[in-house]
Amino acid sequence: MKKVTAVLLGLFFVMTSLGISLAESDKKGSKDHPLLSRMPNFYIESYEDKDFDSHKFVVQTGKPSTPVEGHSYQIRYKLNKGADQPGELKIRRNIQEALKKIGGKVIFDDNFNKRSTIVLQKDGKETWVDVNSGATYYILWIVEKEGMKQEVVADAAAMGNDIRSTGHVSVYGIYFDTGKSTIKPESDAAIAEIAKLLKSDGALKIYVVGHTDNVGPFDSNMKLSKDRAEAVAKDLVSKHGIAAGRLKACGVSSLSPVASNSTEDGKAKNRRVELVAQ
């Protein structure tokens with residue numbers, strides 16, 4: 001046994017002296033991101049893949065980091081034992097050039113902190129990449145930017161409580177394509193809850209009010225917000241049997257925001273349908 005150990009140790013030192021690396025195994029369940037192959041002689045030491053998360057990207061020295069939300073990855077690569085070190089700058093430049101070739105733009109690069117931020121617009125998707133490199137490792141934080149899909153819809157009882165206490169309630173979970181007023185099928189659950197509310201209180205009459213963010217011409221958004229409100233009212237009448245006289249559709253464009261339109265999250269909150277007691 002001692003002879004076998006001695007032989008293995010001797011082999012290790014020979015391989016090291018010749019610059020031959022000992023390949024390590026990737027972390028179980030990990031994989032490279034589709035946009036980037038890995039540097040030669042590196043393996044994945046740690047890996048996270050989250051359907052929805054946030055990462056703060058540096059875009060300018062001395063300025064607050066920019067949080068970006070969406071499908072998030074954190075991949076840490078480590079150099080195989082015995083492999084030649086490529087140098088941290090070579091790692092960073094390789095990643096930058098690979099992304100630039102497919103349309104990426106380097107918006108931040110810091111040689112002192114060994115960090116870069118690259119943004120890529122491709123196939124209708126905006127992807128942010130943060131790379132931090134060292135002599136024997138590099139870390140990628142990648143976020144495929146998107147708004148969180150609303151999965152929790154307020155129920156009829158909660159809507160009724162808000163209307164009784166404040167006279168109105170914002171309803172999320174009603175979806176439209178950008179610039180259009182056709183209701184998307186995934187809105188059915190939220191509209192069904194509005195119908196349930198109206199059926200539980202036969203005396204309740206409501207204004208159905210459409211709201212938009214401030215992207216685009218104001219007059220166009222004013223029309224769009226009313227068209228969307230009318231679409232919801234028509235759906236309540238035609239699919240749920242609510243009397244048309246109990247509903248009045250209105251649109252207010254971006255005149256009544258509940259959050260700042262300077263952020264994507266704020267815009268998402270402002271795009272809503274509101275029920276207001278008549």
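Please read all numbers here as calculations on a predicted model, not as lab measurements.

Conventions used here
Residues numbered from 1 in each chain as written. Predicted model: local features only at pLDDT ≥ 70, side-chain atom pairs only at ≥ 80, totals over all residues. Heavy atoms only, no water. Helix = DSSP H or I, 4+ residues; strand = E, 2+ residues; numbered from the N terminus. Buried < 20%, exposed > 50% of the residue type's maximum accessible area, 1.4 Å probe, protein only. Core = buried A, V, L, I, M, F, W, Y, C linked by side-chain atoms within 4.5 Å. Contact = heavy atoms within 4.5 Å.

(A) Structural context of the overall build of the protein chain. Secondary structure summary: the protein chain contains 6 helices and 10 strands in total. By residue count, 36% of the 278 residues in the protein chain fall in the buried class.

(B) Quick look at the nonpolar core. With 27 residues, the main nonpolar core has Ile174, Leu236 and Leu275 as its most contacted residues. Listing elements by their share of this core, those giving two or more residues are α3 (156–166), β7 (168–171), α4 (188–200), β8 (206–211), α5 (218–240), β9 (247–251) and β10 (272–277). No other element matches the 6 residues that α4 contributes to this core. Beyond its immediate chain neighbours, meaning those up to four positions away, Leu275 contacts Met159, Ile163, Gly167, His168, Val169, Val171, Ile194, Leu197, Ile206, Tyr207 and Val208. Formed by 19 residues, the second largest nonpolar core is a distinct cluster that contains Phe42, Tyr73, Leu99 and Val129.

(C) How the structure looks around unusual backbone geometry. The backbone phi angle of Asn41 is positive, close to 70°, even though this residue is not glycine. On the basis of relative accessibility, which here comes to 39%, the residue Asn41 falls in the partly exposed class. With a phi angle near 60°, Lys114 is a residue other than glycine that sits in the positive phi range. Structurally, Lys114 can be placed in the loop between β3 (105–110) and β4 (115–122).

(D) Seen up close, the side chain of His33. Turning to its location among the elements, His33 is positioned in the loop between α1 (2–17) and β1 (42–57). For His33, a relative accessible area of 5% corresponds to the buried category. With residues near it in sequence (within four places) discarded, His33 still touches Tyr73, Ile75, Ile142 and Glu144.

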